[in-house]
Amino acid sequence: MARFLIFLLALPFLAFVPSGWSHKSYGGYLYPQFYDHSCPKAQEIVRSVMEKAVAREVRMAASIMRLHFHDCFVKGCDGSLLLDSSGSIISEKRSNPNRNSARGFEVIDEIKSALEKECPHTVSCADLLTIAARDSSVLTGGPSWEVPLGRRDSRGASLSGSNNNIPAPNNTFQTILTKFKLQGLNIVDLVALSGSHTIGNARCTSFRQRLYNQSGNGQPDYSLDPSYAAQLRSRCPRSGGDQNLFFLDYVSPTKFDNSYFKNILASKGLLNSDQVLLTKSQASMDLVKQYAENNELFFEQFAKSMVKMGNISPLTGSKGEIRKNCRRINTY
């Protein structure tokens, strides 16, 4: 009977935990105050290193946000992407979505080193990456949000998961949506999170087919503005120049805002995966239009969707570990 009363008393508390704050998984909860006692300066330390990194190179904000996305879509947000190859571990850094493009690992090392000095063996790599992704938004003028915390780090990686689960720039709209749905995300999350392409760059190799041979008929993508296509062709030839970089949002490439959606409406989305949000689904088209018209609405939904993505299958409780070095599993 006493146990039952304790259970009943606990119910009101659980009822009032904000849905964006907690995520039950493996018997544990994520919540923003997780390090309040064990490492009260954790978020301040992450912010401090991120501020310096973004001041050195503003592109780093987009790079860190992308690491978080590519981490969460493979076995959940568990820091698996941060592991180098060693022993039986084949690094996710070798996968097609990450090879020659995933970057910012030195910044993660710098954050981890500062956290280990302040509070050894306390803050996980998965959590620090999630906080750093939020700071990437804030430092480029985007929204802020409270980050639920308490993730632990994986002791393995999945090269095949990285190759198969992460949406590719040339995937069809349906394939991209399916990959989001497999992670528990919906079409609203897909469109809002695609808005992160308001900052950062893409390589010529990731959109070349749109310029020269979109449908295998030797013709450029009909949904790409011709004058914009001509501009892109000048630095993205049919062959060569694979690594040449282009702004994902040519209007305000270093400012987190809704101009990404305005560009799509003007047929100037850089990647095929950007433009199909307008051309292949009525529901996503409506969302693109709403976010293009209302920056505040976009910011609000982006924050919600980032929390939701950050809550994908975390390791909590006694699962996983707290890595001392984000690049390798602990050996003790």
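You'll find the structure just up there.
It should be emphasised that the depicted structure is a prediction, and the values quoted were computed from it without experimental measurement. (Residues numbered from 1 in each chain as written. Predicted model: local features only at pLDDT ≥ 70, side-chain atom pairs only at ≥ 80, totals over all residues. Heavy atoms only, no water.)

Participant: Would you mind going over the overall build of the protein chain in detail, with residue names and values included?
Facilitator: Along the protein chain, the regular secondary structure elements total 14 helices and 2 strands. Its C-alpha atoms give the protein chain a radius of gyration of 20 Å, within 12% of the compact-globule value 20 Å for 332 residues. Structurally, the protein chain occupies a C-alpha span of about 70 × 45 × 35 Å along its principal axes. Residue burial in the protein chain is summarised as follows: out of 332 residues, 52% are buried. Summarising the internal contacts of the protein chain: among those between residues at least 6 apart in sequence, 75% fall at separations of at least 24. Total accessible area on the protein chain stands at roughly 15,100 Å², and carbon and sulfur atoms take up 54% of it. (Helix = DSSP H or I, 4+ residues; strand = E, 2+ residues; numbered from the N terminus. Rg over C-alpha atoms; globule rule 2.2 N^0.38 Å. Buried < 20%, exposed > 50% of the residue type's maximum accessible area, 1.4 Å probe, protein only. Contact = heavy atoms within 4.5 Å. Areas by Shrake-Rupley, 256 points an atom, 1.4 Å probe, with all protein chains shown as cover.)

Participant: Explain unusual backbone geometry to me, using residue names and the numbers behind them.
Facilitator: With phi around 60 degrees, Lys75 is a residue other than glycine that occupies positive phi space. Positive phi outside glycine occurs at His121, with the angle close to 55 degrees. Secondary-structure assignment places His121 in the loop between helix 4 (105-118) and helix 5 (125-139).

Participant: Just give me the short version of the state of the cysteines, but keep the residues and values in it.
Facilitator: Simply put, the disulfide is a covalent bond whose two ends are the sulfur atoms of two cysteines. This model, assessed by the stated rule, comprises 4 disulfides. There is a disulfide in this structure between Cys125 and Cys326, and the S-S distance comes to 2.1 Å. Residues Cys125 and Cys326 share a disulfide whose torsion about the S-S bond is about -95 degrees; that sign makes it left-handed. In this pair, Cys125 sits in helix 5 while Cys326 sits in the segment after helix 14 (295-310), placing the two residues 201 residues apart along the sequence. On the accessibility criterion, Cys326 (1% relative accessible area) is buried. Counting only the cysteines that form disulfides, in the order they appear in the protein chain, gives the pairing 1-4, 2-3, 5-8, 6-7. (Disulfide = S-S within 2.5 Å.)

Participant: Can you tell me about the pattern of salt bridges, naming the residues and giving the values?
Facilitator: Scanning the entire structure with this criterion turns up 15 salt bridges. Between Glu321 and Arg155 there is a salt bridge, with the nearest N and O atoms lying 2.4 Å from each other. With Glu321 in the segment after helix 14 and Arg155 in the loop between helix 5 and helix 6 (159-165), this pair connects stretches of sequence that are 166 residues apart. We classify Arg155 as partly exposed; its relative accessible area is 44%. In this structure, Lys304 engages Glu300 in a salt bridge whose closest nitrogen and oxygen atoms are separated by 3.6 Å. Highlighted residues: Lys304 and Glu300, both in helix 14, separated by 4 residues, approximately one helical turn. Judged by its relative accessible area of 49%, Lys304 is partly exposed. Accessibility expressed as a relative area gives 44% for Glu300, which makes it partly exposed. The network of salt bridges with shared partners includes Asp84, Lys93, Asp109 and Arg327. (Salt bridge = Lys/Arg side-chain N within 4 Å of Asp/Glu carboxyl O.)

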